[in-house]
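# A look at the structure
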Amino acid sequence: MIDLHTHSSASDGTDAPGRVVELAAEAGLRVVALTDHDTTAGWDEAAAAAVRSGISLVRGAEVSTRVAMPDGGISVHVLSYLHDPTHPALLEELERTRTSRLTRARRMTERLAEDFPITWADVVASTGDGATVGRPHLADALVALGVVASRDEAFAAMLHPGAPYYVPHYAPDAVTAIRAIRAAGGVPVMAHPGAGARGRVVTAETIEELAGAGLAGLEVDHRDHPPETRARLRDLAEALNLVATGSSDYHGTGKLNRLAENTTTPEALAAIEEQGLLDVVRP
Ligand code: AMP
Ligand code: ZN
Ligand code: FE
Ligand code: FE
């Protein structure tokens, strides 16, 4: 079993990177990818844990990007696998996004503070040291303060893009990001392309354009995709000669997603490894 999308406390997951890998081994996975938002900070700890736990690790990241639209942009997450983490173009984009996420979290906290007893110190207390900050950390602070009962409730009530407290953050254009990932030797796979409940999703035409820019695959099997969406995306992947993957998007206790609930075939992983600069870490 192969699961190519998980988050640790290096971003907005609740388990340390090494713990994600241990839990992956316990869940019966043979291969797991660590794909924290806009960071590779968890790679070394995860690799050491993989060797200890006897499973393979795909080093990755989930890169925040945007597709411009006449009426605002669509947020698109692109998983990058097996890239050089020191490549300047990609590193600069990730750093710029993380910096903007920090400013954005402060501004959202200021807006929330007008209606709820939340301070920036509460958000800092909910965020791991050096972690990529996101709305889940604001949610955790609101839960700790007793304002809401869960991350889910926080998103539904005050953190969704239509809420008055919402502030967007910088993210590179999807074509720019895909080219930077390829330049860094990475393999770009679009995460949850059909997750309509999170907001607007891109069209098949946009996916075709991104494939022209170097996109390597589509995450077809994901919790947020109903069966019809999976069938449509599987057909699209085949038509565009893209690798089809499946994964859990595990975030620890912060979301319902369980490790190995969706998986990737060995053939798809082999196609990704063949295109990637780095090797899979094997025990
Ligand atoms: P951000 O990165 O700040 O835009 O926040 C997006 C993150 O929040 C994604 O990683 C999602 O997995 C997570 N997320 C979105 N909706 C929810 C929800 N209802 N409950 C828990 N986490 C969520
Ligand atoms: Zn997340
Ligand atoms: Fe995502
Ligand atoms: Fe994710």
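Quick caveat, the model's predicted, so the values are computed rather than measured.

### Focus on the sheet that holds strand 5 (residues 187-190)
In space, the seven strands of this open sheet follow the order 1-2-3-4-5-6-7, with mixed pairing throughout. Bordering the open sheet on either side are strand 1 (2-3) and strand 7 (243-246), each of which pairs with just one other strand. Bridging between strand 2 (residues 31-37) and strand 3 (residues 56-69) involves seven bridges; their strand directions are parallel. Counted as the bridge partner of Val31 is Ser56 from strand 3.

### What to know about the coordination of the zinc ion (ligand 2)
At this site the zinc ion (ligand 2) is bound by Asp12 (OD), Asp12 (OD), His37 (NE2) and His251 (NE2), with donor distances of 2.0 to 2.6 Å. Ordering the donors of the zinc ion (ligand 2) by residue number gives the pattern D-x24-H-x213-H.

### Describing the side chain of Asp221
Assignment of secondary structure puts Asp221 in strand 6 (residues 217-221). Within the structure, Asp221 has its side chain in polar contact with the side chain of Arg234 (distance 3.0 Å). When neighbours within four sequence positions are excluded, Asp221 is seen to be in contact with Arg230, Arg234, Thr245, Gly246, Ser247 and Asn262.

### Quick look at the side chain of His83
Within the secondary structure, His83 is located in the loop between strand 4 (72-81) and helix 3 (88-113). At a separation of 2.7 Å, a polar atom in the side chain of His83 contacts the side chain of Ser80. If we ignore the near neighbours within four places in the chain, the residues touching His83 are Thr40, Trp43, Ala61, Leu90, Ala184, Gly185, Gly186 and Leu278.

### Some points on the coordination of the iron ion (ligand 3)
At the metal site, the iron ion (ligand 3) is ligated by Glu62 (OE), His77 (ND1) and His192 (NE2), and these contacts range over 2.1 to 2.2 Å. Separating the iron ion (ligand 3) and the zinc ion (ligand 2) is a distance of 5.7 Å. Taken as a pair, His77 in strand 4 and His192 in the loop between strand 5 and helix 8 (204-212) lie far apart in primary sequence, 115 residues in all. For the pair formed by His77 and His192, the shared burial category is buried.

How each quantity is defined
- Residues numbered from 1 in each chain as written.
- Chains lettered and ligands numbered in written order.
- Predicted model: local features only at pLDDT ≥ 70, side-chain atom pairs only at ≥ 80, totals over all residues.
- Heavy atoms only, no water.
- Pairing = 2+ DSSP bridges.
- Helix = DSSP H or I, 4+ residues; strand = E, 2+ residues; numbered from the N terminus.
- Donors = N, O, S within 2.8 Å, 3.2 Å for Na, K, Ca; no water.
- Polar contact = N/O pair within 3.5 Å; in protein donor to acceptor, adjacent residues only side chain to side chain.
- Contact = heavy atoms within 4.5 Å.
- Buried < 20%, exposed > 50% of the residue type's maximum accessible area, 1.4 Å probe, protein only.

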